[in-house]
Structures are given as C-alpha cells and as structure tokens.
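# Observations on the three-dimensional arrangement
Letter by letter, the chains look like this.
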Amino acid sequence: MTPTSSGYGARITGVGRYVPDRIVTNAELEQTLDTTNEWIVERTGIRERRVAAPDETSSTMGARAGLAAIESAQIDPATIDLVIAATCTPDGMFPASATRIQHAVGAGRAGAFDVNAACNGFMSALSTAVQFVAAGTSQRALVVGTETMTRIVDWTDRSTCVLFGDGAGAAIVERAVEGEPGGVGAMLLRSDGSQAGLLWASGPCTPGAPGATNPFGAALAQEAHIVMNGAAVFRSAVNALSETSAEAIAKAGLTIDDIALCVPHQANRRIITAMAERVGLPMERVYVNVDRYGNTSSATIPIALAEAEADGRLKPGDRVLLAAFGGGLSWSAMVLEWAGVRASRAGLEAPRAVARA
Ligand code: UT7
C-alpha cells in the first residue's frame, strides 16, 4: 500500500480532534425524557455526549480540530493548499464552513469547500483529498469532519435525540513517500438514494420549511430536525458496513488478519459489534468511543483516529480499516497503512486561540 505497491500515493500525516466542554449524561436526559440510562446504554452503548456552547459552530470546532491536526503533523498551515470540511450541520447555507476553517487555521493559500454526505461525510471528503493529493493537484490537504448535531435533533423525540452529539475531527493528507510507511490502499464509496426517507433532516429550502416561502406558493410550517427509521437504518448499516469492509480489504490485497485496527463510524455499539462479528474481526481490534460522544456524524471517524493515535493504538505500518454509514443512504470503506504522526498527543490538545472568521 506504499507507492511501491498498489494503492493511492497519499497518506495521513496528522490527526486532531476537538470536543466541546459541556457533557450531557444519560442521567441528565432522564430528567426531561421518558428514557433511562439502562435503555440507552443497553441499546446503543452511549453513556454521554458533548453539546456545543452557544457561540460554537461547526466551523469554530472544525478549526480547533484542524489546528490540532496541524500541530500533530508539525506543519506550517500556510503550506496547506486544500481544505475540505465534511458537515451536514454547517454554520449557514453559505459560505462553505471550510472557508471559515481555512481562514481560522491560517491556510492562506488554500482552496476550500464543503462535502455533505451525512455520517459518511468524512470518508467522502478524505477520499476526495486523497485523489487531489495523489494526482498532484494538491500537496497538502486538511480534511475536517465537524458537526453540531444537537441543533438539529428534536429534543422531545427520545428515539433520536439520545443518539447524537457535537464535535470535530481532522486529518492532514500528504503525498506518500517511497520507503516510508503510509498510504491508502483501497477506497469504496457507495450510496442508495431510494432509501433517503429512512434518515433525513429538512432545511431552509425544503418545501414547507419555515422561511421556504415565495410570493407564488404558501408554506407549511415544518421543523428542521432529524427523522429516522431506526430499525431499518440499523439493518442496512450492519449489512453495508460488513459487505463494503470485506470488499475493501480484498481490493487492498489483504485479509482480515492483516487489519491491526478498525475505526468505524460510531453510531451504536451494537452496529459496530455486529459488523465486526460478520467480517471476523475481534473487538480488541476495533476502536470504540461511542460511549463518550454518541454519534457525531461526520466527526466520529476523525475524532476516533486522533484518540486512537494518542492512545498508542496506531503504529506506523499498521493496516487500518475505516468504514462509515449514514443518511443517503450512503456508506464507504477504506483500507490504509498508518504513517504515524510527528507529535502524537498534540492531536488531543486543540489550541484555544483561533482567529474568528
Ligand atoms: O449514523 C447512522 C445514524 N443512525 C443509526 O445508526 C441508528 C440506527 N438505529 C439504532 O441505533 C437503533 O435502531 C435505535 C437505537 C435507534 C433504537 O434501538 P432499537 O433496539 O432498534 O429499538 P426500537 O426502535 O425497536 O424501539 C424499541 C422500544 C420502543 O418501544 P415499544 O414500541 O417497543 O414499546 C421504543 O419506543 O424502545 C422504545 N424507545 C425508547 N425507550 C426508552 C425508543 N427510544 C427510547 C429511549 N428510551 N430513548
């Protein structure tokens, strides 16, 4: 999977994460919802989640994760020439949250745009950055997954609101170097728009949404919040994650025994264990932190990568499986060789001072 073998000539050289300070435990949710800590832990594995402060947005959190990734890669942000932000909860309809992040991290020469593939967003953005870098169009890319999911959940709907949380993660993508570890070996992106109604959230341009008025049609009031058929999404997630992971491992010319660590999308611990069982991966080789953050959508995988790196769970040369699933429906898998980062713990220490866009 290095440039000398099959694969893409790009590798991850830095990872970082930022999570808001405010912790909301299941016990706190018991105060306002007809739910229990036992139900949430048993059905999802989630114990607590983070909630963004009123002045925090996907771009401010994304910038802090980005700065942590820059620190972990020990690079000058001025040398970044591409910023891609994955988010389904942007600061606004436009401009792209990526441009605010580009400014805040000091990537003065970078192009910037957003990708929205719901919980599959980071994988879509990372795949895009890998292609830019492998083609030589970019030398150094910052890829961010960042979400304020708690602003689009219906806090009276116990079947969805207990699941989600806020946070951001980021990765630096650079060219792979001959003779050094690190490279992307296989990437698969899949989607099925016929299932869009299983998991979705309306926005200001949805017909009938507040604000979606024009002089020629009457608008019906409609809240902007997540609507989900949990059981159907659960089944699809397990099938899609396991099938695509097996396909990506085979495409990389590897077997499941070669995978040192799987870092899956963190939506529900039961989905992760079912997927691991199907692909034949023992849970000791699967990274799980859904208990602490819930589902942060496109931020789950980069947050988990930053924590796995800082925890010493990722070593240079390790073969790593990433797999994501979310609204769309949309899903993906990627197999890569871990390059290692220059300053491992730096990815957890997001700098406080960030220029406001
Ligand atoms: O990134 C991808 C995004 N989404 C997902 O991955 C979510 C996928 N789906 C899931 O994780 C699970 O389907 C859920 C966690 C959402 C639900 O778990 P489940 O085991 O599929 O439960 P269920 O929907 O079948 O509901 C079972 C019962 C229902 O009560 P009745 O009808 O049996 O009386 C629900 O009303 O659990 C009830 N319930 C709750 N009870 C206490 C639903 N939410 C709660 C709650 N507390 N928070």
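Throughout what follows, the structure given in this document is the object of discussion. (Residues numbered from 1 in each chain as written. Predicted model: local features only at pLDDT ≥ 70, side-chain atom pairs only at ≥ 80, totals over all residues. Heavy atoms only, no water.)

### Details of the packing of aromatic side chains
Scanning the entire structure with this criterion turns up two aromatic pairs. With 6.4 Å between their ring centres and 45° between their planes, phenylalanine 113 and phenylalanine 132 make a pair best called tilted. Of this pair, phenylalanine 113 sits in strand β5 (residues 111–115) while phenylalanine 132 sits in helix α5 (residues 121–135), placing them 19 residues apart in sequence. Taking relative accessible area as the criterion, phenylalanine 132 reaches 28% and is therefore assigned partly exposed. (Phe/Tyr/Trp six-rings, centres within 6.5 Å; stacked < 30°, edge-to-face > 60°. Helix = DSSP H or I, 4+ residues; strand = E, 2+ residues; numbered from the N terminus. Buried < 20%, exposed > 50% of the residue type's maximum accessible area, 1.4 Å probe, protein only.)

### Overview of the pairing of strand β13 (residues 330–337)
With respect to burial, β13 is a largely interior element, eight of its eight residues being buried. Of the two faces of β13, the one holding Ser330, Ser332, Met334 and Leu336 and the one holding Trp331, Ala333, Val335 and Glu337 are both buried throughout. Pairing geometry for strand β12 (residues 319–326) and β13, over eight bridges, is antiparallel. Counted as the bridge partner of arginine 319 is glutamate 337 from β13. Count of turn residues in the β12/β13 antiparallel hairpin: three residues, of which glycine 328 carries a positive phi of about 150°. (Pairing = 2+ DSSP bridges.)

### Overview of the site of the ligand
Around the ligand, 23 residues are found, and the nearest of them are Thr35, Arg43, Arg158, His265 and Asn268. Arginine 43 is positioned such that a nitrogen or oxygen atom in its side chain is 2.7 Å from an oxygen atom of the ligand. Asparagine 268 places a side-chain nitrogen or oxygen 2.7 Å from an oxygen atom of the ligand. Protein burial of the ligand: of its 940 Å² of free accessible surface, 71% is covered by the chains. Elements with a minimum of two residues in the shell around the ligand: α2 (37–44), α6 (158–161), α7 (230–251) and α8 (269–279). Split by residue class, the shell around the ligand holds twelve nonpolar, seven polar and four charged. (Near = heavy atom within 4 Å. Polar contact = N/O pair within 3.5 Å; in protein donor to acceptor, adjacent residues only side chain to side chain. Areas by Shrake-Rupley, 256 points an atom, 1.4 Å probe, with all protein chains shown as cover. Nonpolar A, V, L, I, M, F, W, Y, C, P; charged D, E, K, R; others polar.)

### Quick notes on the nonpolar core
Judged by nonpolar contacts, the single largest core of 48 residues is most densely connected at Leu281, Leu321, Phe325 and Val335. Broken down by secondary-structure element, the contributors of at least two residues to this core are β8 (183–191), α7, β11 (259–264), α8, β12 and β13. The contacts of phenylalanine 325, once residues within four sequence positions are left out, are Cys119, Val233, Ser236, Ala237, Ala240, Leu241, His265, Ser330 and Trp331. Counting 38 residues, the second-largest nonpolar core is a separate cluster that includes Leu82, Val143, Ala171 and Ala310. (Core = buried A, V, L, I, M, F, W, Y, C linked by side-chain atoms within 4.5 Å. Contact = heavy atoms within 4.5 Å.)

### Topic: unusual backbone geometry
Cis geometry marks the peptide bond from phenylalanine 94 to proline 95; its omega dihedral reads 5°. Looking at the secondary structure, you find proline 95 in the loop between β4 (82–86) and α4 (97–105). Looking along the chain, the bond that leaves glycine 328 and enters leucine 329 is cis, with omega of -15°. Here leucine 329 is to be found in the loop between β12 and β13.

### Digging into the sheet that holds β12
Taking strand neighbours across the sheet as the criterion, the four strands line up as β8-β13-β12-β11 in an open arrangement whose pairing is mixed. Both outer strands of the open sheet, β8 and β11, are each paired with one neighbouring strand and no more. Across the sheet, the axes of successive neighbouring strands diverge by a mean angle of 10°, strand direction being ignored. Contacts between α7 and the sheet are confined to β8, β11, β12 and β13, with β12 contributing the most and set at about 150° to the helix. Set on the sheet, helix α10 (residues 300–310) makes contact with β11 and β12; between it and β11 the angle comes to about 140°. (Axes fitted to C-alpha atoms, helices over the stretch in contact; angles between N-to-C directions.)

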